[in-house]
Amino acid sequence: QVQLVESGGGLVQPGGSLRLSCVVSGLIFSIRPMNWYRQAPGRERELVATIPSLGGTTNYADSVKGRFIISRDNAKKSVYLQMNNLKPDDTAVYYCNAPGDSRRSWKDYWGQGTQVTVSS
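Keep in mind that this is a model prediction, so the values were computed, not measured. (Residues numbered from 1 in each chain as written. Predicted model: local features only at pLDDT ≥ 70, side-chain atom pairs only at ≥ 80, totals over all residues. Heavy atoms only, no water.)

Caption draft 1: Seen up close, the overall build of the protein. A tally of regular secondary structure across the protein gives zero helices and 11 strands. Helices (α) and strands (β) of the protein occur, in sequence order from the N terminus, as β-β-β-β-β-β-β-β-β-β-β. For 120 residues, the compact-globule estimate of 2.2 N^0.38 gives 14 Å, and the C-alpha radius of gyration of the protein, at 14 Å, lies within 12% of that figure. Each of the three principal axes of the protein carries a C-alpha extent, and together these read 45 × 30 × 25 Å. Looking at the protein as a whole, 42% of its 120 residues qualify as buried. Counting only contacts in the protein whose residues sit at least 6 apart along the sequence, the fraction spanning at least 24 positions is 54%. In the structure as shown, the protein presents an accessible area of about 6,400 Å², 48% of it carried by carbon and sulfur atoms. (Helix = DSSP H or I, 4+ residues; strand = E, 2+ residues; numbered from the N terminus. Rg over C-alpha atoms; globule rule 2.2 N^0.38 Å. Buried < 20%, exposed > 50% of the residue type's maximum accessible area, 1.4 Å probe, protein only. Contact = heavy atoms within 4.5 Å. Areas by Shrake-Rupley, 256 points an atom, 1.4 Å probe, with all protein chains shown as cover.)

Below, the structure is given as structure tokens:
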């Protein structure tokens, strides 16, 4: 059974920082690229950051470039999202995602989400 379990969300003031974690079990984590998404009320789910299976070149949504950092620890089967200089617009539920790949018969997996609220 595949599980993705996020943690680290909470309430933070504008300008503050949070570090989200996602622990993965039930799949070969080290060969899977990983993503962080977010979804704010009334908005579509948005891709925030991506990281390849062995680390290396990461990609970010324009709205978070220079403020968020995605990283991973394959030994711990974990992916992280360091969020700095948080803004009220960053308020959302953040989801960890192991994307599917039809060429490899990989299914798409999601965590349950963790709430991030940026407010004074």
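Having seen it, we continue.
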